[in-house]
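Here's the letter readout for the chains.
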Amino acid sequence: NAGVTQTPKFHILKTGQSMTLQCAQDMNHGYLSWYRQDPGMGLRRIHYSVAAGITDKGEVPDGYNVSRSNTEDFPLRLESAAPSQTSVYFCASSYSFPGELFFGEGSRLTVL
Amino acid sequence: RKEVEQDPGPFNVPEGATVAFNCTYSNSASQSFFWYRQDCRKEPKLLMSVYSSGNEDGRFTAQLNRASQYISLLIRDSKLSDSATYLCVVLIKAAGNKLTFGGGTRVLVKP
């Protein structure tokens, strides 16, 4: 019973490079979201999805894109990484939002 | 002013002691409240929801004070395993189910 799986756990990339953070859940949850966590700040939602084919912007969406082609997967793409995107990223799911959020283990991203 | 504010701590607590801390929120339209626990370099996990009448789960007690716009968490008989960061979370349904996280309060329980 994996829950929410994120890959990679750690990554370093250079300014201007692109990359995709992967998120997969096996709990048949409808709601999926991406958050970033920075020191001294609360978790901030980047994008979210309530069902396959439906995505929406959270509070800090600039510089990020998402897609939801099926129930399980919700990748987060950084098209042109910037140092301000250095952060810990969490994918979170919920059976029915707003409800209990189940988080992945996080992806630590450093942009040089 | 931040929408949800927490004292970052750390609160250094002797094992077996009681510790309590608050979380203040600025939006009076806030409807639901939660405490999440986050261990060092781990993901947050739901600790408990906070109900209007207050609620208790074992050694943990959560209270809501709508008049003063804060919630509190009290931990009795602290264990070493209670060392973690406690995140306050506020839901505003009128704002499209906006969920706002506080920055967290760090608790260190020492022998």
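Presented here is a report on the structure given in the accompanying data block. Since the structure is predicted, the reported quantities are computational estimates derived from the model, not experimental observations.

It is worth spelling out the pattern of salt bridges at this point. The full count for this structure, using the stated rule, is 10 salt bridges over all chains. Measuring nitrogen to oxygen at the nearest pair gives 3.4 Å for the salt bridge that ties A:K9 to A:E105. With A:K9 in the loop between strand 1 (4-7) and strand 2 (10-13) and A:E105 in the loop between strand 10 (102-103) and strand 11 (107-111), the pair connects residues that are 96 residues apart, well separated along the chain. Taking the shortest distance from any N to any O, the salt bridge between B:D77 and B:K79 comes out at 2.9 Å. Residue class for B:D77 comes out partly exposed when judged on its relative accessible area of 36%. You can call B:K79 partly exposed: its relative accessible area is 33%. Through salt bridges with shared partners, a single network forms among A:R36, A:D38 and A:R44.

Moving on, we get to the nonpolar core. One finds B:F21, B:W35, B:I71, B:L73 and B:Y86 to be the most contacted residues of the largest nonpolar core, which totals 22 residues. Those residues in contact with B:F21, other than ones at most four positions away along the chain, are B:F11, B:W35, B:I71, B:S72, B:L73, B:I75, B:Y86, B:T105 and B:V107. Core analysis: the second largest hydrophobic core is formed by 18 residues, A:L13, A:M19, A:L32 and A:I46 among them.

Geometry of an aromatic ring pair is reported as the spacing of the ring centres plus the angle between the planes. A full pass over the atoms with the stated rule returns 13 aromatic pairs over all chains. Ring centres 6.1 Å apart and planes at 90° place the aromatic pair A:F90 and A:F103 in the edge-to-face group. Taken together, the residues A:F90 in strand 9 (residues 87-94) and A:F103 in strand 10 connect sequence positions 13 residues apart. The exposure classification of A:F90 matches that of A:F103, with both residues buried. A ring pair is formed by B:F11 and B:F21, whose centres lie 5.8 Å apart and whose planes are at 55°; its orientation type is tilted. Here B:F21 lies in strand 3 (residues 19-25) and B:F11 lies in strand 2 (residues 11-14), a separation of 10 residues in the sequence. By relative accessible area, B:F11 is classed as partly exposed at 23%. Note on B:F21: relative accessible area 2%, which makes it buried. Among the aromatic side chains, those forming a connected cluster through ring pairs are A:Y35, A:F90, A:F103, B:Y36 and B:F101. One Lys or Arg, A:R45, reaches over the ring of A:Y48 and ends 4.0 Å from the middle of that ring.

Definitions and cut-offs
- Residues numbered from 1 in each chain as written.
- Chains lettered and ligands numbered in written order.
- Predicted model: local features only at pLDDT ≥ 70, side-chain atom pairs only at ≥ 80, totals over all residues.
- Heavy atoms only, no water.
- Salt bridge = Lys/Arg side-chain N within 4 Å of Asp/Glu carboxyl O.
- Helix = DSSP H or I, 4+ residues; strand = E, 2+ residues; numbered from the N terminus.
- Buried < 20%, exposed > 50% of the residue type's maximum accessible area, 1.4 Å probe, protein only.
- Core = buried A, V, L, I, M, F, W, Y, C linked by side-chain atoms within 4.5 Å.
- Contact = heavy atoms within 4.5 Å.
- Phe/Tyr/Trp six-rings, centres within 6.5 Å; stacked < 30°, edge-to-face > 60°.
- Lys NZ or Arg CZ within 6 Å of the ring centre and 35° of its normal.

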